[in-house]
Amino acid sequence: MSSHPESGPKISHSLPEPGVPVIRNVNWGGLRTLYIKEVRRFFKVQLQTIWAPAVTTLLFLVIFTVALGGGGRTIALQGHSIHFADFIAPGLIVMGMLQNAFANSSFSLLVGKIQGTIVDYLMPPLSTGELLAGLCGGAVTRAFCVGATVWLAMALWPGVDVTPRHFWAILWFGFLGALFLSLLGVLTSIWAEKFDHAAAVSNFVVAPLSLLSGTFYSVDRLSPVFQTISHLNPFFYIISGFRYGFLGVADSPILTGSGIILALDAVLGLFCYLLLRKGWKLKN
């Protein structure tokens, strides 16, 4: 008999080489944690992040339909005569969604840079795509929370019909628009160095584009020059497609608007991905 014990299988305890990923697929646990963190952050102050925007948006509806005597007005849209309150209500809903999606995503990385906690986003075992998806996912969730709250308030408001006709268009264009503003917010938070920079983008880019996108008027009534300018505004296609979900008519072809916003989302998403991967203004 041999005096040597039988040798079992050898177990390697060596660490992976530097640069070799340990999590080779999607880190669903980390992605879910980041998403929950982003959602909990705005839910903790929901009075400010959800209910206050809903009240502000509802006040727009009250002003334009009651204070300015628009209760009995109608507006012509693609040969259809539509009650003025029914016309502006979908635009107000999605406008609130867009502005809050931008506000949410433009805050996360920026406050991390200012407070010195940016390492909490960069050090966890999350890929660049997972980090971007978590930030945008939280912003899109806030947008839909605000949109649902505004819709419910308008549904209870007398004299306004916000009954969905094409639910798929509401979800699709709401998602595309919220994602577009989420990515724009991430880009802003990467570039900005203080809250004034983010506020400047919100006040001089997001607000004018949303207000001049046909929310309160039909683009068909504008001169050819201003119609062309309106068609260069991506917010116009978002609001037009979202309005189609409630009214069944739109200022622009639905497929064209969907393709344009989808392409812009893809380009902006790729740009944000490259900047995050490089660490521009984040790791320096």
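The paragraphs below set out a description of the structure included in this document. (Residues numbered from 1 in each chain as written. Predicted model: local features only at pLDDT ≥ 70, side-chain atom pairs only at ≥ 80, totals over all residues. Heavy atoms only, no water.)

Counting 69 residues, the largest nonpolar core has Leu-61, Leu-109, Met-154, Leu-181, Val-186, Phe-242 and Leu-276 as the members making the most contacts within it. At the level of secondary structure, the elements contributing two or more residues to this core comprise α2 (46-67), β1 (74-77), α3 (84-115), α5 (128-156), α6 (167-191), α7 (195-211), α9 (234-247) and α10 (254-278). If one sorts the elements of this core by residue count, α3 sits on top with 14 residues. In contact with Leu-61, other than residues within four places in its own chain, are Ala-85, Ile-88, Leu-92, Met-154, Trp-157 and Val-160. (Core = buried A, V, L, I, M, F, W, Y, C linked by side-chain atoms within 4.5 Å. Buried < 20%, exposed > 50% of the residue type's maximum accessible area, 1.4 Å probe, protein only. Helix = DSSP H or I, 4+ residues; strand = E, 2+ residues; numbered from the N terminus. Contact = heavy atoms within 4.5 Å.)

This next bit is on the packing of α5 against α10. Look at α5 against α10: their axes get within 9 Å of each other, and the N-to-C directions meet at 120 degrees. Classified by the interaxial angle, the pair formed by α5 and α10 is oblique. Crossing of α5 against α10: the hand is right-handed. Together, Thr-128, Gly-129, Leu-131 and Leu-132 of α5 and Gly-269, Cys-272, Tyr-273, Leu-276 and Arg-277 of α10 make up the contact between the two elements. For the contact of α5 with α10, the residue count by class is five nonpolar, three polar and one charged. (Axes fitted to C-alpha atoms, helices over the stretch in contact; angles between N-to-C directions. Parallel < 35°, antiparallel > 145°, perpendicular 65-115°, else oblique. Left-handed = near helix turned anticlockwise from the far one by under 90°. Nonpolar A, V, L, I, M, F, W, Y, C, P; charged D, E, K, R; others polar.)

Only one face of β1 is covered, namely the face carrying Ile-75 and Leu-77; the face carrying Thr-74 and Ala-76 is uncovered. Where β1 lies against strand β2 (residues 80-83), four bridges are found, and the strand directions are antiparallel. Note that in β2 the partner of Ile-75 across the bridge is Ile-82. Hairpin geometry of β1 and β2 is characterised by an intervening segment of two residues between the two adjacent antiparallel strands and by a positive phi of about 55 degrees at Gln-78. (Pairing = 2+ DSSP bridges.)

With phi around 60 degrees, Lys-281 is a residue other than glycine that occupies positive phi space. Turning to its location among the elements, Lys-281 is positioned in the segment after α10.

With that settled, consider the packing of aromatic side chains. The way to describe two aromatic rings as a pair is by their centre distance and the angle between their planes. This structure, assessed with the given rule, holds seven aromatic pairs. Measuring from ring centre to ring centre gives 5.2 Å for Phe-42 and Phe-43, while their planes differ by 25 degrees; the resulting arrangement is stacked. For Phe-43, a relative accessible area of 35% translates into the label partly exposed. Where Phe-60 meets Phe-216, the ring centres are 6.1 Å apart and the plane angle is 40 degrees; that geometry is what we call tilted. Linking Phe-60 in helix α2 with Phe-216 in the loop between α7 and α8 (224-231), this pair joins segments that are 156 residues apart in sequence. On the basis of relative accessible area, Phe-60 is assigned to the partly exposed category, the value being 29%. (Phe/Tyr/Trp six-rings, centres within 6.5 Å; stacked < 30°, edge-to-face > 60°.)

So, about the pattern of salt bridges. Where charged atoms from two side chains of opposite charge come close, those side chains can pair. Taken as a whole, this structure holds four salt bridges when the rule is applied. A salt bridge links Lys-37 to Glu-38; the nearest nitrogen and oxygen atoms lie 3.6 Å apart. Between Asp-251 and Arg-243 there is a salt bridge, with the nearest N and O atoms lying 3.6 Å from each other. Each member of the pair, Asp-251 as well as Arg-243, is classed as buried. In this structure, a network of salt bridges that share partners links the residues Lys-37, Glu-38 and Arg-41. (Salt bridge = Lys/Arg side-chain N within 4 Å of Asp/Glu carboxyl O.)

Keep in mind these numbers describe shape, not what the thing actually does.
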